[in-house]
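Notes for the structure review
Read off the chains here:
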Amino acid sequence: MNDNRFVSCAAPGIAHLQPYVPGKPVSELERELGIIDSVKLASNENPLGPSRRVREVLAGKRDKLARYPDGGAWALREVLAQRHQVSPYSITIGNGSNDVLDMIARVFLWPGRESLFSEHAFAVYPLSSMAVGAELCTAPALDFGHDLEAMAERITPATGVVWIANPNNPTGTWLDSGMLRAFLEQVPSEVIVVVDEAYFEYVAPIEPDYPDTSQWLEDFPNLVVTRTFSKAYGLAALRIGYGLSHPDVAELLNRVRQPFNTSSLAQAAAIAALDDPAYVQLGVDLNRQGMAQLEVGFRTLGLRWIPSVGNFVTVLLEWPASEVDFALLRLGVITRPVENYGLKGGLRISVGLPEENARCLEALEQVL
Ligand SMILES: *Cc1c(COP(=O)(O)O)cnc(C)c1O
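Residues numbered from 1 in each chain as written. Predicted model: local features only at pLDDT ≥ 70, side-chain atom pairs only at ≥ 80, totals over all residues. Heavy atoms only, no water.

The next subject is the sheet that holds strand 5 (residues 159-165). With respect to topology, seven strands assemble into an open sheet ordered 2-8-7-6-5-3-4, the strand pairing being mixed. Of all the strands in the sheet, just strand 2 (91-94) and strand 4 (135-139) have a single pairing partner and so form its edges. Each strand of the sheet is rotated relative to its neighbour by a mean of 20°, with strand direction disregarded. Of the pairings in the sheet, the one linking strand 3 (residues 114-118) to strand 5 comprises three bridges and is parallel in character. Following the sheet pairing, Ser 115 is matched in strand 5 by Val 161. Packing against the sheet, helix 3 (residues 74-84) makes contact with strand 2, strand 7 (223-228) and strand 8 (241-244), and its axis sits at approximately 130° to strand 2. (Pairing = 2+ DSSP bridges. Helix = DSSP H or I, 4+ residues; strand = E, 2+ residues; numbered from the N terminus. Axes fitted to C-alpha atoms, helices over the stretch in contact; angles between N-to-C directions. Contact = heavy atoms within 4.5 Å.)

This paragraph deals with the pairing of strand 8. Residues in a regular strand point their side chains to alternate faces of the sheet. What you see with strand 8 is no split at all: Gly 241 and Gly 243 on one side and Tyr 242 and Leu 244 on the other are buried throughout. Note that strand 2 and strand 8 share four bridges and pair antiparallel. Residue Ile 91 lies in a different strand from strand 8, and its bridge partner there is Leu 244. (Buried < 20%, exposed > 50% of the residue type's maximum accessible area, 1.4 Å probe, protein only.)

Taken N-terminus to C-terminus, the directions of helix 2 (residues 52-60) and helix 10 (residues 264-274) make an angle of 150°; their axes are 9 Å apart at the nearest point. When the interaxial angle is binned, helix 2 and helix 10 end up roughly antiparallel. Two packed elements cross with a definite hand, and for helix 2 against helix 10 that hand is right-handed. Where helix 2 approaches helix 10, its residues Val 54, Val 57 and Leu 58 are matched on the opposing element by Leu 265, Ala 268, Ala 269, Ala 272 and Ala 273. (Parallel < 35°, antiparallel > 145°, perpendicular 65-115°, else oblique. Left-handed = near helix turned anticlockwise from the far one by under 90°.)

The next point concerns the domain arrangement of the protein. As assigned here, the protein comprises domain 1 (7-49 + 278-367) and domain 2 (52-274). Each of domain 1 and domain 2 has a C-alpha centre, and these two points are 23 Å apart. At the interface, 33 residues of domain 1 touch 31 residues of domain 2. Roughly 2,600 Å² is buried in total at the junction of domain 1 and domain 2, and carbon and sulfur atoms are behind 68% of that figure. Contact with domain 2 buries surface across domain 1, with Val 280, Val 309 and Tyr 341 losing the most and accounting together for 25% of the total. Seen at the junction of domain 1 and domain 2, the total is zero salt bridges. (Domains from an automatic or database assignment. Buried area = accessible area lost by both parts, 1.4 Å probe. Salt bridge = Lys/Arg side-chain N within 4 Å of Asp/Glu carboxyl O.)

Here the focus is the site of the ligand. The ligand sits among Gly 96, Ser 97, Asn 98, Phe 122, Asn 169, Asp 196, Ala 198, Tyr 199, Thr 228, Ser 230, Lys 231 and Arg 239. Separating an oxygen atom of the ligand from a side-chain N or O atom of Asn 98 is a distance of 2.8 Å. Asp 196 has a polar side-chain atom sitting 2.6 Å from a nitrogen atom of the ligand. Taking 390 Å² as the accessible area of the ligand by itself, protein coverage stands at 94%. By residue class, the composition of the shell around the ligand is three nonpolar, six polar and three charged. (Near = heavy atom within 4 Å. Polar contact = N/O pair within 3.5 Å; in protein donor to acceptor, adjacent residues only side chain to side chain. Areas by Shrake-Rupley, 256 points an atom, 1.4 Å probe, with all protein chains shown as cover. Nonpolar A, V, L, I, M, F, W, Y, C, P; charged D, E, K, R; others polar.)

Let us look at the packing of helix 4 (residues 97-108) against helix 5 (residues 124-131). How two helices pack is summed up by the angle between their axes together with the distance between the axes. It is at 9 Å that the axes of helix 4 and helix 5 come closest, and there the two elements cross at 40°. Taken together, the axes of helix 4 and helix 5 lie oblique to each other. As for the relative orientation of helix 4 and helix 5, their crossing is right-handed in sense. Taken together, the residues of helix 5 that come into contact with helix 4 (itself represented by Asn 98, Leu 101, Asp 102 and Ala 105) are Val 124, Tyr 125, Ser 128 and Ser 129. Here the residues of the contact of helix 4 with helix 5 sort into four nonpolar, three polar and one charged.

Structure, rendered in structure tokens:
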């Protein structure tokens, strides 16, 4: 990295930026190792993929690719406004919710400003913050989850954004309504608090105390809630997500948004996906069963794991996770080492179809 001859010309923050490491695509593994029939449990995608209704809508769009999309994504924003009972002006549509996170960093962080997040938190928060030259501030975790007291103590007059993943990836830990509300009440109103709810759909049906913070916008004008179509809705390839916030915050985010940041296919697919709650429920039920299947398997293998409410679970191995990952790859099972999140021996496994989970457990048994 440091032998890059242009690194001294790059903006502050870029010199030390380590790009996000994505899960290996199936095609790449198969090409590299000559494996066929591999299973990918590395990126927390929905193993069912999108619903039939979504596929039909997308097929219908095939002949309409010459025109630019509606950059404002009005139709989708209206559906979302109805759903969350907020104004369409509270909604910012992103090319995946990561795009919204990036807009937040660009608007509310700059050199000298502090970006606050938890140990083991989602890697995009430090990445987007570094890219704009902000100072990173990490609060220690509590039982692998966010310690909101420790986070509150670290807020200073320089703090621009506090990032909270609920639940967090890769730990699968979550914060209940009471804890999160008490925290928001302590945060000065000029500090933006992001609550990243990428896995909302998986948690809401199983944990009665899990908050729907989209309903708190009126109480906390500094709150930005992010959601995505990449996980429970099965649309990761299309890249679409959104932020919910005070209209004045949304207006600032939309100033830095690329004019055509989401495609017309993604917008139409998102609308169709929202219209099919039964399909989402199917995936959520499948996830719950798959999680139980993995946990039984881990117990049999004598493995330790962090209990997760998401569609993924991190096991804490006695061996270097990258070595186990590599051995699993040779057996055609793609998982995700997460030691770079400060989780020693951490290997994150996404919940797949029953047969995929079974293959993963068999491979783990063979490797260990
Ligand atoms: C997967 C994930 C996202 C969603 O990313 P998209 O850009 O919407 O695909 C956001 N936050 C967390 C914590 C995630 O795990």
